[in-house]
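Architecture and fold: a report
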Amino acid sequence: MADAATEQPLHRSLGLTDDEYARIQQILGRVPNHAELAMYSVMWSEHCSYKSSRVHLKDLPSEGPHVLIGPGEGAGVIEVDGVAVAMRIESHNHPSFVEPVQGAATGIGGVVRDVVSMGARPIALLDSLRFGPLPGDTGADQAADRNRWLTGGVVSGISSYGNCIGVPTVGGEVKFENSYSGNPLVNVMCVGVVPIDGIMLARAPGPGNAVLLLGSTTGRDGIGGVSVLASASFDDQAATKRPSVQVGDPFTEKLLIEGSLSLIEKGLVVGIQDLGGAGLCCATSESAANAGTGMTIDLDRVPLREKGMEPFEILTSESQERMLVIVKPELVQDAIDECTRLGLRASVIGEVTDTGRLTVTRGGEVVADVPAASLGDGPLYHRPYTAPEGARTVRFADAPGPGTPPDEALMRLVASANIASKRWVWEQYDYQVMLNTVAGPGSDAAILRLPGTQTRIAVTVDGNGRYGQIDPRQGARHSVAEAYRNLCTMGAEPVAVTNCMNFGNPEIPEVMWQFVEAVSGMGEACRALETPITGGNVSFYNQTLDEAIYPTPMIGMIGIVKPGVVAPPAGFQKEEDIVVLLGRTGDELGGSEYQRSILGTLEGPLPALDLNAEASLGWLLRELISRGLLNSAHDCSEGGIGVALAEMVAQGQWGAQIRPEPGRDLIPWLFSETTARVVVAVGPGDLSELMELARGIGIPAAELGIVNGRLLSIRGMPDIKAAEIRREYERGFPRLMGSN
Amino acid sequence: MFPGSNCDRDANYSFEYLGAGTRYLWHQDTDLEGVDVVVLPGGFAYGDYLRTGAMAAYSPVMDSVREFAAAGKPVIGICNGFQVLCEAGLLPGALRRNSGLRFRCMPVRIRVETLDSPFTSGGMWPGQILTIPIAHFDGSYYADDETLEQLVADRRIAFRYCDAEGELTADSNPNGSRLHIAGILNEQRNVLGMMPHPERAVDPAVGGTDGRLILASVLYSLQPAET
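From a predicted model like this one, the values you see are computed outputs, not experimental measurements.

Quick look at the overall build of chain A now. Along chain A, the regular secondary structure elements total 25 helices and 28 strands. Relative to the 2.2 N^0.38 estimate, which gives 27 Å for 740 residues, the radius of gyration of chain A is 26 Å and therefore close to what a compact globule would have. Taking the principal axes of its C-alpha atoms as reference, chain A extends roughly 85 × 55 × 45 Å. In chain A, buried positions account for 64% of the 740 residues. Restricting to contacts in chain A with at least 6 residues of sequence separation, those with at least 24 account for 83%.

Let's shift gears to the overall build of chain B. Regarding its fold elements, chain B presents 5 helices and 9 strands. In chain B, the succession of α and β elements from N to C terminus is α-β-α-β-α-β-β-β-β-α-β-β-β-α. Against the globule reference of 17 Å for 227 residues, chain B gives a C-alpha radius of gyration of 16 Å, in line with a compact fold. Referenced to the eigenvectors of the C-alpha coordinate spread, the extents of chain B come out at roughly 50 × 45 × 40 Å. Within chain B, buried positions represent 53% of all 227 residues. Relative to all contacts within chain B whose residues are 6 or more apart in sequence, the contacts with residues 24 or more apart total 75%.

This brings us to the interface of chain A and chain B. Listed per partner, the contact involves 22 residues of chain A and 23 residues of chain B. Among the elements of the structure, α8 (144-165), α10 (250-265) and β14 (437-439) of chain A are those that each provide at least two residues to the side of chain A that touches chain B.

On to the nonpolar core. Counting 304 residues, the largest nonpolar core has M39, V85, A86 and V459 of chain A as the members making the most contacts within it. Lining this core are residues from two domains, each supplying at least three of them: domain 1 (11-44 + 200-377) and domain 2 (568-740) of chain A.

What the domain assignment reports for chain A is domain 1 (11-44 + 200-377) and domain 2 (568-740). The C-alpha centroid of domain 2 of chain A is placed 51 Å from the C-alpha centroid of domain 1 of chain A.

What follows concerns the sheet that holds strand β6 (residues 185-195) of chain A. Residues and elements named next belong to chain A. Taken together, 6 strands build an open sheet; the order of strands is β1-β2-β3-β6-β4-β5 and the sheet is mixed. Of all strands in the sheet, those with a lone pairing partner are β1 (67-69) and β5 (169-176), marking the two edges. Sheet twist, expressed as the mean angle between neighbouring strand axes with direction ignored, is 20°. The strands touched by α8 within the sheet are β4 (121-131), β5 and β6, with β4 carrying the most contacts at an inclination of about 180°.

Here G604 of chain A and P605 of chain A are connected by a cis peptide whose omega angle stands at 0°. Considering the arrangement of structural elements, one finds P605 of chain A in the loop between α20 (593-599) and α21 (611-626). The backbone of L101 of chain B sits at a positive phi, close to 55°, despite the residue not being glycine. In this structure L101 of chain B comes out as exposed when scored by C-beta crowding, with 10 C-beta atoms within 10 Å. In the Ramachandran plot, L179 of chain B falls in the positive-phi region, its phi being about 55° despite a non-glycine side chain. Within the element layout of this structure, L179 of chain B appears in the loop between β7 (157-162) and β8 (181-185).

Across a regular strand the side chains alternate sides, sitting on one face of the sheet and then on the other. Residues and elements named next belong to chain A. Among the 7 residues in strand β16 (residues 456-462), 7 count as buried, and that is most of the element. Alternating residues of β16 divide into R456, A458, T460 and D462 and I457, V459 and V461, and every residue in both groups is buried. Summarising the sheet, strand β15 (residues 446-449) and β16 pair through 4 bridges and their orientation is antiparallel. By the bridge assignment for β16, I447 is matched with A458. A loop of 6 residues connects β15 with β16, the two strands running antiparallel in sequence, and G452 in this loop sits at a positive phi of about 90°. Looking at chain direction, β16 and strand β21 (residues 552-561) are connected through 7 bridges and run antiparallel. Considered in β21, the bridge of V461 is made with G556.

Attention now moves to the packing of helix α15 (residues 406-414) of chain A against helix α22 (residues 640-650) of chain A. Residues and elements named next belong to chain A. Contact pair α15 / α22: the axes reach a minimum separation of 10 Å and the direction vectors enclose 65°. At the point where α15 passes α22, the crossing takes the right-handed sense. Contacts between α15 and α22 involve L410, L413 and V414 from the first element and G642, V643 and A646 from the second.

Residues and elements named next belong to chain B. Across the sheet, which stays open at both edges, the 7 strands sit in the order β1-β2-β9-β8-β7-β4-β5 with mixed pairing between neighbours. Each of the sheet's edge strands pairs with one partner strand only, and the pair in question is β1 (38-40) and β5 (129-136). Ignoring which end each strand starts from, the neighbouring axes of this sheet average 20° apart. Inspection of the sheet shows strand β4 (residues 104-112) paired to β5 by 8 bridges, in the antiparallel sense.

Right, let's get into the pairing of strand β3 (residues 83-91) of chain A. Residue and element names in this part refer to chain A. With respect to burial, β3 is a largely interior element, 8 of its 9 residues being buried. As defined by bridge partners, strand β2 (residues 76-80) adjoins β3 across 5 bridges and the pair is classed as antiparallel. Paired with G76 across the strands is M87, a residue of β3. Connecting the antiparallel pair β2 and β3 is a turn made up of 2 residues, with D81 showing a positive phi of about 50°. Judged from the 9 bridges that link them, β3 and β6 form a sheet pairing that is antiparallel. Residue pairing in the sheet places M87 in a bridge with V191 of β6.

So, on to the environment of V680 of chain A. Residue and element names in this part refer to chain A. Note that V680 resides in strand β25 (residues 678-682). Sequence-wise, V680 and V579 are 101 residues apart; in three dimensions their C-alpha atoms are separated by 5.8 Å. Apart from the residues lying within four places of it in its own chain, the contact partners of V680 are V580, L582, L630, S632 and A633.

All names here are of chain A. Running from amino to carboxyl end, helix α3 (residues 34-43) crosses helix α11 (residues 279-291) at an angle of 80°, the nearest separation of the two axes being 10 Å. Judged by the inter-axis angle, α3 sits roughly perpendicular to α11. Residue-level contacts link M39, V42 and M43 of α3 to C281, C282 and S285 of α11.

Moving on: the confidence of the model for chain B. On average, residues of chain B score 93 in pLDDT, and 99% of them reach the 70 mark or higher. For this predicted complex, the interface confidence reaches an ipTM of 0.93, while the overall pTM sits at 0.95.

Cut-off values and rules
- Residues numbered from 1 in each chain as written.
- Chains lettered and ligands numbered in written order.
- Predicted model: local features only at pLDDT ≥ 70, side-chain atom pairs only at ≥ 80, totals over all residues.
- Helix = DSSP H or I, 4+ residues; strand = E, 2+ residues; numbered from the N terminus.
- Rg over C-alpha atoms; globule rule 2.2 N^0.38 Å.
- Buried ≥ 20, exposed ≤ 12 C-beta atoms within 10 Å, placed from the backbone.
- Contact = placed C-beta atoms within 7 Å.
- Core = buried A, V, L, I, M, F, W, Y, C linked by C-beta atoms within 7 Å.
- Domains from an automatic or database assignment.
- Pairing = 2+ DSSP bridges.
- Axes fitted to C-alpha atoms, helices over the stretch in contact; angles between N-to-C directions.
- Left-handed = near helix turned anticlockwise from the far one by under 90°.
- Parallel < 35°, antiparallel > 145°, perpendicular 65-115°, else oblique.
- pLDDT = per-residue confidence, 0-100.

See below:
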């Protein structure tokens, strides 16, 4: 079969290789028709099949005392105080580059449906975003204006969709590096809750049961999204791919959430699966294959948005806000009635069979007939990988350079896009709805009440592409450690991880090497810190032309905060408090924000990472916080001690007087990003108890100074007014976005 | 509740937190089931298609709410609920896009402008400053000059955005509302519409307690007068 437009064989136009095409013929014992070919093309795409990544993911640690459901379902599920907590991250990078508002909005819709499909009510969203530099920031290039447009668009997409469906956006991070200019990252994490006995699985059991499609009509939007957008690199014609981006309708999503959860609660469904990438084709074949059944689908009964749609279009459309549910025949009317009451469309579109085949009809004719399991049983590739020779050099001419005085360097960092307050972003998100948000955006981690318990959960998402570019294995380990430290700083015990791996084109051996290294590093760190991986998402082909993004694993981590434990704020609260640094500080500027914004370079080595020290520090923080000893606590990472202190001043009521460690050069002491460190403030009367606890677990603790006055006064450099720090910290980002 | 309401659970939680019995009324219900107070919660009723609150204003339950209000019983519209009340003609004016053209979620300060209503009579003093969160894109109150003059003359402005000292500074107005209006009353003073979310400031674990004053005030107003 040939593609009329390109005159190449149709399977190649659809993104299938000749070998894959041969295998399809073998499975069917005949030549596939157009609809069947389209189905295999989307299901065997990188995005759906994980064909390049699967062999490397199977050894990740996925078991632990809290894990109920590990990788392979719509979301990972852990047990916390008798309640099941579902967690999942999805990327929507390419759609967001093509059309930022809708791309980001539909990214939220998708991950929310993943969580709902587990039977869980979504209670929180977090977003991890990456863009190229903004106009006026270090490293800004000709793409800067577009980067600003993308940033504003993505934030507004998240805001409009997330706020409307009534799920709070409680945290996340936004960072800027040149490597994302041609390919921003939009990773969305969703957390949900469900009673343990209410967990649903993507299964279509019981031949004779009805197959219902809930939600939106099916249109031509997003056809081939997974194969056209998500599984190929961009060239300079990205705008022509805009029709492959779906359009979101948050109102229907809200109805779909309420409808799906209501059907589950009333016991009207025996299986449920969301329609995401690869649409109806994926949801039907996967749920049948998971249950060892088959399914017949009548396309005449699928409500369509437009006339004249071909079978392959209906099967692979990625129209948003749809859900597939399996209902016993005697309960079909009840299910439809409940959906109607809630204003949600529900249509019977087929039946579960015992044939093991997915049989699709239209107008009484069979238009596709394939073994259901074969669609999900895609090819598996052992792609070659090799370490790159020599590092890519980065030099920003607009960086002020090594002679910059420390106070100027600190103020430049405080106002830089990566460090300045992201209030401009998170004020656009409803972070309070549902009344569970104890600590919201701007904190080291979000803290949420866990409905039905006195326990709270802490959630964070962290990633560091700069580190990944220098050393992907070590970079991934660092990202896990940073997430871990953020949770511990809020008094939580980290228990589980979900992740999103963002990389370039896996067919390039150097990119594949980055992926293999990062997966392995992430696994090592999660094993060492006893935070098993409950699932993840792999996003490849994040590159435009020859330029791959920095390898960026995003780590979403959940921790448990015991009843009665109250996390201290980051800002300085009390005059006369003693400022203490927990952990030791090396001369480790490699990969740091100082290196980026002041020196204008990117080079290793990365800071050393001692995971045992991270675990000990975590224990110490939980102990100090549960004893109520800390008045302030802030993770010391990007920008080092200098930025940590400036943020504690900016977010608090006071200045501080600080004495650097004797005998050290000021710059590396201030800006090194040595790991396993946290800055805390304690009342003078509690200092000895803190010191004793720290000594007991072997964490160095050094008095840095005292909280007081209206200045940040660091010996060896000019004083900086607290008001000045506050102003630059708050105004830096709006200024870069061109809005005040 | 309307399809697309999303602060209904929060309102329910906060009234129950204060000891009130609650029930959900669906937009197609016409029977208010004998309730004492009607709360129109925040959210995006009917997706806010056409205009915020515009379609919800025509849902069957609103006829019953109109009768309920005409009988002098208390009705509170919060955020999207305020928008619905304006669209339904129960309150004058309209809510426009925030002047910054961005959604804003943040705690704000509002000043109590009158004690003469069931929502402000219990335990507040005139000029008292409350800290209550907002979360909206369309919260900029607009009415023509004549209506505004009437609202002022009748002391029907319930709350105005202010700073820590109670001053009506430009920076303290989060959305460009005319006269810094955060909430208004109807002529009979039994219908309140307000953009800030008092139900989000009831439980101290998640957002302060100043909202209690408003919700408790209306509950208190239902008690038979002491003799």
